[in-house]
Amino acid sequence: MARDRSIFVCQQCGYRTIKWLGKCPDCGTWNSFAEERVKGRGVGDEVATTATSPVRLPEIKVEAGFRVSTNISELDRVLGGGVVPGGLILIGGDPGIGKSTLLLQALAGIVESSGSSGLYVSAEESLSQVKLRAERLGIDSSHILLLSETTIEDILRVIEDTKPGMVVIDSIQTIYCRELSSAPGTVGQVRECSARLMECAKGRNIPVFIIGHVTKEGSLAGPRVLEHIVDTVLYFEGDRSMAFRILRAVKNRFGSTNEIGIFEMTDRGLREVRNPSEIFLRQRQVSVPGTVTASTIEGTRPFLVEIQALVTPTTFGVPRRTSIGVDPQRVNLLIAVLEKIGGIQFGIADVYINVVGGLRLVETAVDLPVVVALVSSFREMAVDYSTLFFGEIGLSGEVRTVAQPEIRLKEAEKTGMKRVVLPEGNRERVEGRTGMEVIGVKSLTELLEVVFNG
Ligand code: TYD
Ligand code: MG
């Protein structure tokens, strides 16, 4: 006989238990368990079984990699070349970053490129709010259907009735399943709703996008619990006070996770940034102390960025070390190498590092430009802005080679760079193949010699 029973689910990591616990044994969070009612299966209940059998590997037919373009090439690239029908795609990001805007634009793009209709389900905003946004974006297609609904049952029924070619759910934290008694946004609800949406995407063979807010602590389940369920996870990030937005894939069953898409938030929606180097170097005209042009590669795309350092005497207490855009640990390491091998004492100085444009650089190829920026600010000596720097620095002050020097130089040449300082090990591969002056360095000492005494 079937009867309801209670289970307790950790709101942080989704750990399930039949009794309440003060501390989650899985993720260690205190006070994170919430009760959920589930339909239990009693003794003697029939268990539905379906007969499935395995298939021999050579007999499996691979469907051609059919993809639909969103008409937004930055988004297409991050998705691996367009959306795959049947794919469930999660877009996470802080509130206000532009997720609703991006997906409304994507929906309009897909409707246009595929000729089918698209359904935008808003559980957060009223229809007139969505309409106002669409007006702002210049979207006015009669193939776009809007629905303001919060229960998964009704949403699925509308999808069944209207048969759209693509669905957007805004957002997963605000919809709920009537069968569960827990509140919208709890792990159980988020999981159940996503599982049903997955079924819908696969069953109807249409792409389904879900928006998820990244939440900190509290009772709302962050989209992290969903990452296992969905096919693709994209994160939309950037500083809200700045116009640039970066779309990054952290999981993709249909493509690589290296690619990023760059957008600029304008008063008429998100604009694609096709040539990032120009944007990140836009305000650059003169050589000033502490500012250096660096090269970095995100996915398959090289671009140039400006790294700034500010070294000032500490006026009170312990020296501050702040870094935005470069890992602070990495900066500390480079400062230590500069002190020990370069003989430059930062001991009583505050050090600030910033990457212009709000980018986050993870590549070690930015070691060399960071070091040059630090010394440039420390010594109040400007570095020529048409000189490009890249290279990794080891703990003993050696300059190590980095990947793909050729495409970095190609990009630099396009943006009008005249000179490049790179690891000696990379020099041979590029010398004579570029119009730029190429200077190879083997060590930190040699680097400082070339840049500041040469
Ligand atoms: P929104 O897509 O609502 O963010 P999210 O869904 O991630 O919460 O967009 C949020 C911000 O973008 C909001 O502060 C207004 C701004 N915005 C523009 O600057 N230009 C525009 O054309 C639109 C539609 C929004
Ligand atoms: Mg929104």
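Residues numbered from 1 in each chain as written. Chains lettered and ligands numbered in written order. Predicted model: local features only at pLDDT ≥ 70, side-chain atom pairs only at ≥ 80, totals over all residues. Heavy atoms only, no water.

Draft legend 1. How the structure looks around helix α4 (residues 152-162). Among all positions of α4, only Ile152, Glu153, Asp154, Ile155, Leu156, Val158 and Ile159 are buried. Tucked inside the fold, the buried residues of α4 contact β5 (118-122), β6 (144-147), β7 (166-170) and α5 (187-204). The first or second residue beyond α4 is Lys163, which carries a positive phi of 45°. (Buried < 20%, exposed > 50% of the residue type's maximum accessible area, 1.4 Å probe, protein only. Helix = DSSP H or I, 4+ residues; strand = E, 2+ residues; numbered from the N terminus. Contact = heavy atoms within 4.5 Å.)

Draft legend 2. Layout of empty space enclosed by the protein. Evaluated as defined, the whole model comprises one cavity of 30 Å³ or more. In terms of lining, the largest cavity is formed by Arg67, Leu79, Gly82, Val83, Val84, Ile89, Thr232 and Phe254. Here the residues of the lining of the largest cavity are counted per class, giving five nonpolar, two polar and one charged. (1 Å grid on protein atoms, 1.4 Å probe; cavity = no way out; pocket = protein on both sides within 12 Å on 5 of 7 lines; lining within 4 Å. Points joined across faces, edges and corners; volume = space filled by probe spheres on them. Nonpolar A, V, L, I, M, F, W, Y, C, P; charged D, E, K, R; others polar.)

Draft legend 3. Spatial organisation of the domain arrangement of the protein chain. Domain boundaries assigned for the protein chain yield domain 1 (5-38), domain 2 (69-274) and domain 3 (278-452). Once you take the C-alpha centre of each, domain 1 and domain 2 turn out to be 28 Å apart. (Domains from an automatic or database assignment.)

Draft legend 4. Fine view of the packing of aromatic side chains. Per the counting criterion, the structure on display carries two aromatic pairs. Ring geometry for Phe236 and Phe263: centres 6.0 Å apart, planes at 80°, overall edge-to-face. Highlighted residues: Phe236 in strand β9 (residues 232-237) and Phe263 in strand β11 (residues 260-266), separated in sequence by 27 residues. With relative accessibility at 2%, the residue Phe236 sits in the buried group. Measuring from centroid to centroid gives 5.1 Å for Phe346 and Phe378, while their planes differ by 55°, and the two rings are tilted. Placement of Phe346 in the loop between α7 (328-340) and β16 (349-355) and of Phe378 in helix α8 (residues 367-378) is noted, with a sequence separation of 32 residues between them. (Phe/Tyr/Trp six-rings, centres within 6.5 Å; stacked < 30°, edge-to-face > 60°.)

Draft legend 5. View of the site of ligand 1. Of all residues adjacent to ligand 1, which total 16 residues, the nearest are Gly96, Ser100, Thr101, Thr266 and Gly269. The separation between an oxygen atom of ligand 1 and a polar main-chain atom of Lys99 is 2.8 Å. Starting from 560 Å² of accessible surface for ligand 1 in isolation, the protein chains cover 75%. Taken together, the elements giving at least two residues each to the shell around ligand 1 come down to α2 (99-114), α3 (127-137) and β11. Its residues assigned to classes, the shell around ligand 1 comprises four nonpolar, six polar and six charged. (Near = heavy atom within 4 Å. Polar contact = N/O pair within 3.5 Å; in protein donor to acceptor, adjacent residues only side chain to side chain. Areas by Shrake-Rupley, 256 points an atom, 1.4 Å probe, with all protein chains shown as cover.)

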